[in-house]
Amino acid sequence: MMKMRKLRILKFYHSCGRILLFKGLLSFPEELRYLHWEGYPLRSLPTKFDLRYLVELDMRESHLEQVWEGQQDLVNLKVIILDYSRNLVRIPDLSSATNLEEINLSDCSNLRDLPSSLQHLEKLTLLNFRNCENLRSLPSFYKATSLTNLDLRGCSNLCSFPEIMGTMESLRHLDLSGTALKELPSSIENLISLDCLSLNYCENLIGLPDSFYKLKSLETFYLHSCLRLEIFPKVMDTMEELYKLELPFSIDNLIGLEYLSLHDCEILVCLPDSFYKSKSL
């Protein structure tokens, strides 16, 4: 394999990749751009593997526990896909991956920690940590200025969401469904472009911040099966973009609301007197 110095794209499926390892594959061509290896069977990448030219790393369903050891020059890396790598405990420092755009780590059920370097990746657009059941905390993301989609649904041990210390103009989709959150920070108002927020099945969620109404770009808001929800903040100003909402209590300012779902609200006794003002419903 090392003699194939001009090889740029390498794609293995489960069976053929295992055979190559048994024949002594210990490294990869230095200028490899694309590496796709389903079910990679080792705990980490070979120590001699130089990642400086790699653009996309796709190792879904791998047996990786850590992706690599030590520091790597990752200046060309744009995509990391490690979905269903159930032995993965941590991902390494990514501070040198200045061109990284996507990280997909869905169903990495043993992943516990995320590197703080994520917050400095200014070209990052997608973070997918769906069903990472052991993930308990997050680094701050507010410096990831290009981030548009953050998926944390099914992170059932995630108890807190970091403060958003500055305006995030790009984040549009935030899915926190099925997390252990009790509340959201008031600084969520800094997500000025957020148009879809999902908190379905957040069974520990008690209330929402008073600043909720400042999410002026919000179009859809899901609160299905939040069984402990006690407080929905007053909507102190018009939210013209919001047209789909589950379980609201103060809806007279939601002048564009078209669809309202209240199914499985087992302790709901009545609707607010202002309900009749929802002219667009």
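What counts, and where the lines are drawn
Residues numbered from 1 in each chain as written. Predicted model: local features only at pLDDT ≥ 70, side-chain atom pairs only at ≥ 80, totals over all residues. Heavy atoms only, no water. Phe/Tyr/Trp six-rings, centres within 6.5 Å; stacked < 30°, edge-to-face > 60°. Buried < 20%, exposed > 50% of the residue type's maximum accessible area, 1.4 Å probe, protein only. 1 Å grid on protein atoms, 1.4 Å probe; cavity = no way out; pocket = protein on both sides within 12 Å on 5 of 7 lines; lining within 4 Å. Points joined across faces, edges and corners; volume = space filled by probe spheres on them. Nonpolar A, V, L, I, M, F, W, Y, C, P; charged D, E, K, R; others polar.

Chemist: Hey, could you run me through the packing of aromatic side chains in this one?
Modeler: The description of an aromatic ring pair uses the distance of the two centres, along with the angle that the planes make with each other. Summed over all chains, the structure comprises 3 aromatic pairs. Measuring from ring centre to ring centre gives 4.9 Å for W37 and Y40, while their planes differ by 85°; the resulting arrangement is edge-to-face. For the residue pair W37 and Y40, the accessibility class agrees, reading buried in each case. Ring geometry for F212 and F221: centres 4.8 Å apart, planes at 35°, overall tilted. The two residues F212 and F221 agree in class, both being buried. Feature note: the residues F12, W37 and Y40 constitute an aromatic cluster, connected by ring pairs.

Chemist: Help me understand empty space enclosed by the protein in this model?
Modeler: If a probe as big as a water molecule is rolled over the atoms, it shows which places are left empty. Under the counting rule described, the total for this entry stands at 2 cavities of 30 Å³ or more. Each pocket or cavity is described by its volume, and for the largest cavity that value is around 70 Å³. Partitioning the lining of the largest cavity into residue classes produces 10 nonpolar, 1 polar and 1 charged. In this structure, the second largest cavity occupies an estimated 30 Å³ of space. V67, W68, I80, L82, I91, P92 and L94 are the residues that line the second largest cavity. The class makeup of the residues in the lining of the second largest cavity is 7 nonpolar, no polar and no charged.

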